[in-house]
Amino acid sequence: MTKVVNYISEAFEELKANVTWPEWSEVQRLTIIVAVFSVVFALATWGVDELCAKAIAGIFNLIKS
């Protein structure tokens, strides 16, 4: 158990001493970019899904007729 506690304390010390954290303005800017990209990607995925669903429905209608 002491190895786990030692590992966690060393990890926190590493984060405090050796990690360069970005400025708050950069964090905000990158968060907005990720949010916008996520929405665009979700809309693109939805569009492809709708297109495939209509294509498959059309094929089934051709087979059914």
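The residue count restarts for each chain, going from 1 along the sequence in the order it is written. Note on the predicted model: pLDDT of at least 70 is required for a residue's local features to be given, and 80 or more for side-chain atom pairs to be given and counted; whole-chain, interface and lining totals, by contrast, use all residues. Think of the side-chain values as coming from all heavy atoms in the structure, minus any hydrogens and water.

Peer 1: Help me understand the packing of aromatic side chains, please; the structure alone is not making it clear to me.
Peer 2: Ring pairs (aromatic) are described by centroid distance and by the angle formed between their planes. The criterion for an aromatic pair is that two Phe, Tyr or Trp rings (for Trp, the six-membered ring) have centres within 6.5 Å, with stacked assigned to planes under 30 degrees apart, edge-to-face to planes over 60 apart and tilted to the rest. For the coordinates displayed, the defined rule picks out one aromatic pair. With centroids separated by 6.0 Å and ring planes inclined at 20°, the aromatic side chains of F37 and F41 adopt a geometry described as stacked. Note that F37 and F41 are positioned in helix α2 (residues 24–64) at a spacing of four residues, about one turn of the helix. Owing to a relative accessible area of 55%, F37 belongs among the exposed residues under this scheme. A relative accessible area of 52% means that F41 is categorised as exposed. Secondary structure is summarised from DSSP: a helix means a run of H or I of at least four residues, a strand means a run of E of at least two, and numbering begins at the N terminus for each. In this scheme, a residue with accessible area under 20% of its type's maximum is buried, one over 50% is exposed, and one in between is partly exposed, where area comes from a 1.4 Å probe on protein chains only.

Peer 1: I tried to follow the environment of P22 on my own but got confused; where do I start?
Peer 2: Here P22 lies in the loop between α1 (2–18) and α2. The exposure class assigned to P22 is partly exposed, which follows from its relative accessible area of 44%. Sequence-wise, P22 and N61 are 39 residues apart; in three dimensions their C-alpha atoms are separated by 55 Å.

Peer 1: How should a nonpolar patch on the surface be read in this particular structure?
Peer 2: Patch members must show over 30% relative accessible area and no salt bridge, and they are joined within 9 Å when carrying like charges or within 5 Å when they are nonpolar side chains of Val, Leu, Ile, Met, Phe, Trp or Tyr. Residue exposure ignores everything except the shown protein chains as possible cover, and the areas themselves are Shrake-Rupley values with a 1.4 Å probe. By salt bridge we mean one thing: a side-chain nitrogen of Lys or Arg within 4 Å of a carboxyl oxygen of Asp or Glu. A surface patch of nonpolar side chains, about 990 Å² in accessible area, is lined by M1, V4, V5, Y7, I8, F12, L15, V19 and W21. For F12, the position within the fold is in helix α1.

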